[in-house]
Amino acid sequence: MDTPVSPTVACIGGGQLGRMLGLAGLPLGIRMEFVDPVDGAPAGAIGPLHLGELDERGVIGPCVERATVVTYEWEGVPAEIVSWIEEMRTPPVFPPAAALRASQDRLHEKTLFRQLGVGTPDFLPVDSPADLDDAIAKLGTPAVLKTRRGGYDGKGQFVLRVAADASTAWAALGGVPLILEAFVPFDRELSILAVRGRDGATECWPVIENHHAEGMLRVSNAPAPGLTPERQRAAEAIANRMLDELLYVGVLAIELFDVGGRLLANEMAPRVHNSGHWTIEGSVTSQFENHLRAVLGWPLGSTESRGVSTMLNCIGVLPAPADVLTIPGAHLHDYGKSARHARKLGHVTVVADDAATLRERVERVLAILPADG
Ligand code: AMP
């Protein structure tokens, strides 16, 4: 019998998501290579890190030639490079460039949600001060003005409390294509992570509850407390519609607003996602392993959760490992990045069999997590 050849996955981007993909691949015999502009990027600890811009064909091309399959770990990767690899036909690249393109422009993204019958905050494109006045007249206030492209972690956004805020909002963001969204008085923020294989099989993890501060994810609880089977089914329907529409392969994350029990889609990320880090310890198969299984055309693993989990991001500063590891059920992930204010340096996932034990353990972790200076 022939010995199976270990596959090589080329990954555009070498941040912490690439690093965790690489870690998930190691026991399965998957080699990974990464392209990133930053010397010492986190994924370099796992496999060869080729220094280059994320659309630098001279660096990416040779990496692609060696690869069994190509993927990426950031939605800011220029879509043109993914289309370029798609046009080569071999090796394949997943998720498809169409998904990346849709996620990179809030107007296209929300239009696509709407076309698929998925509820989304009301929105209108804004390209001039007159458009903004029109949009405010139609959508009312409060409203959120956002750049169509390039916004992340709450950047590129302005909340208009009243119509008179229009000129300040335009001064802050104007000059690039914008979108105005009705402000959604949501009860909480949720996300659904789903994976689709090359054979079209899909799996969804339980819906996750997310808490943000200053535009950055701080805490994820999974499964979302109080999650009803109906809400889970509604979120899965949204994810499955998008996966099938895009003939998607890999993990897809969709951020949702829960408004009185109704789910509205805010945005999607065509990659593994921060709100899915708990799956490493809290799920039978992690988002990272399932992403690799999907892009390689391997069978997907079960997305069932093991007990209940809370993931806490370590932003700006990491706790002392021994302080975390003394707490039962607590798992520390250090991304190997240098400390900087407001930078995601790692995370702690806490798992337990029941909600009361989880709460008690999370309290202990919160007590030893240093504040970002
Ligand atoms: P985004 O970059 O679209 O994920 O927005 C960052 C954060 O801003 C979200 O996680 C929400 O907390 C908030 N936000 C974004 N859009 C809206 C909206 N239309 N209504 C209310 N809050 C919003």
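Residues numbered from 1 in each chain as written. Predicted model: local features only at pLDDT ≥ 70, side-chain atom pairs only at ≥ 80, totals over all residues. Heavy atoms only, no water.

Caption draft 1: A look at the overall build of the protein. Within the protein, the regular secondary structure consists of 12 helices and 17 strands. The C-alpha atoms of the protein give 21 Å as radius of gyration, which agrees with the globular expectation for 373 residues (21 Å, within 12%). Taken along the three principal axes of its C-alpha coordinates, the protein extends 70 × 50 × 40 Å. Out of the 373 residues in the protein, the part that is buried amounts to 53%. In the protein, 61% of the contacts between residues at least 6 apart in sequence involve partners at least 24 apart. Summed over its atoms, the accessible surface of the protein is roughly 15,800 Å², and 52% of this surface lies on carbon and sulfur atoms. Mean positive and mean negative side-chain charge positions of the protein (33 and 46 charges, respectively) differ by 1 Å. (Helix = DSSP H or I, 4+ residues; strand = E, 2+ residues; numbered from the N terminus. Rg over C-alpha atoms; globule rule 2.2 N^0.38 Å. Buried < 20%, exposed > 50% of the residue type's maximum accessible area, 1.4 Å probe, protein only. Contact = heavy atoms within 4.5 Å. Areas by Shrake-Rupley, 256 points an atom, 1.4 Å probe, with all protein chains shown as cover. Lys, Arg positive; Asp, Glu negative; His and termini not counted. Charge placed at Lys NZ, Arg CZ, Asp CG, Glu CD.)

Caption draft 2: Layout of unusual backbone geometry. A cis amide bond links F94 with the next residue in sequence, P95, at an omega value of -5°. Mapped onto the elements, P95 comes out in the loop between α3 (79–88) and α4 (97–103). A cis amide bond, omega 0°, links T141 with the succeeding residue P142. Considering the arrangement of structural elements, one finds P142 in the loop between α6 (129–139) and β6 (143–147). One non-glycine residue, L247, lies in the positive phi region at around 45°. You can see L247 is positioned in the loop between α8 (229–245) and β13 (250–259). Judged by its relative accessible area of 60%, L247 falls in the exposed class.

Caption draft 3: The arrangement of the site of the ligand in detail. Around the ligand, 15 residues are found, and the nearest of them are K146, Q157, V184, E189 and E267. Q157 places a polar side-chain atom, nitrogen or oxygen, 2.8 Å from an oxygen atom of the ligand. When the free accessible area of the ligand is taken as 480 Å², the share hidden by the protein chains comes to 89%. Those elements that place two or more of their residues in the shell around the ligand are β6, β8 (178–182), β13 and β14 (262–269). The residue makeup of the shell around the ligand includes at least three contributed by each of domain 2 (122–182) and domain 3 (188–368). (Near = heavy atom within 4 Å. Polar contact = N/O pair within 3.5 Å; in protein donor to acceptor, adjacent residues only side chain to side chain. Domains from an automatic or database assignment.)

Caption draft 4: Here's a closer look at the domain arrangement of the protein. Structurally, the protein comprises domain 1 (8–93), domain 2 (122–182) and domain 3 (188–368). Of note, the centres of domain 2 and domain 3, computed from C-alpha atoms alone, are 30 Å apart. The partner domain 3 presents 5 residues to the 4 residues of domain 2 that form the contact. Between domain 2 and domain 3, the buried area comes to about 270 Å², and carbon and sulfur atoms account for 30% of it. The tally of links from domain 2 across to domain 3 stands at 1 residue pair in polar contact (both at pLDDT 80 or more). (Buried area = accessible area lost by both parts, 1.4 Å probe.)

Caption draft 5: Main features of the packing of helix α2 (residues 57–66) against α3. Axis separation between α2 and α3 bottoms out at 12 Å; the angle between their running directions is 40°. Relative to α3, the element α2 is oriented oblique. In this structure, the crossing between α2 and α3 has a hand that is right-handed. Residues R57, I60, G61 and V64 of α2 form the contact with α3, whose participating residues are I81, W84, I85 and M88. Of the residues assigned to the contact of α2 with α3, the class counts are 6 nonpolar, 1 polar and 1 charged. (Axes fitted to C-alpha atoms, helices over the stretch in contact; angles between N-to-C directions. Parallel < 35°, antiparallel > 145°, perpendicular 65-115°, else oblique. Left-handed = near helix turned anticlockwise from the far one by under 90°. Nonpolar A, V, L, I, M, F, W, Y, C, P; charged D, E, K, R; others polar.)

Caption draft 6: Broad picture of the pairing of β6. Most of β6 is tucked away: 5 of the 5 residues are buried. Alternating residues of β6 divide into A143, L145 and T147 and V144 and K146, and every residue in both groups is buried. Both β6 and strand β7 (residues 157–160) contribute to a ladder of 4 bridges, which runs antiparallel. Along β7, the bridge assignment pairs K146 with Q157. Here β6 runs beside β8; their pairing, made up of 5 bridges, is antiparallel. Opposite T147, over in β8, you have L178 as the bridge partner. (Pairing = 2+ DSSP bridges.)

Caption draft 7: Here's a closer look at the environment of G44. Among the structural elements, G44 can be located in the loop between β2 (31–36) and β3 (49–51). For the pair G44 and G58, spaced 14 residues apart in sequence, the C-alpha to C-alpha distance is 19 Å.

Caption draft 8: Representation of the environment of E209 within the structure. Summarising the element assignment, E209 is placed in strand β11 (residues 208–213). Linking E209 and L264, residues 55 residues apart in sequence, is a C-alpha distance of 14 Å. Here the side chain of E209 touches R188 through a polar contact of 2.8 Å, side chain to side chain. A distance of 2.9 Å separates polar atoms of two side chains, one belonging to E209 and the other to H211.

Caption draft 9: Region of the structure containing the pattern of salt bridges. Scanning the model with the defined rule gives 16 salt bridges in all. The partner of E33 in a salt bridge is R66, with the nearest N and O atoms 2.8 Å apart. Remark: R66 occurs in helix α2 and E33 occurs in strand β2; sequence separation between them is 33 residues. Owing to a relative accessible area of 4%, E33 belongs among the buried residues under this scheme. What makes R66 partly exposed here is its relative accessible area of 44%. Its salt-bridge partner being R218, residue E214 comes within 3.5 Å of it at the nearest N-O pair. Take E214: its relative accessible area is 72%, and that puts it in the exposed class. A relative accessible area of 23% means that R218 is categorised as partly exposed. When salt bridges that share partners are traced, they join R188, E209, R231 and D258 into one network. (Salt bridge = Lys/Arg side-chain N within 4 Å of Asp/Glu carboxyl O.)

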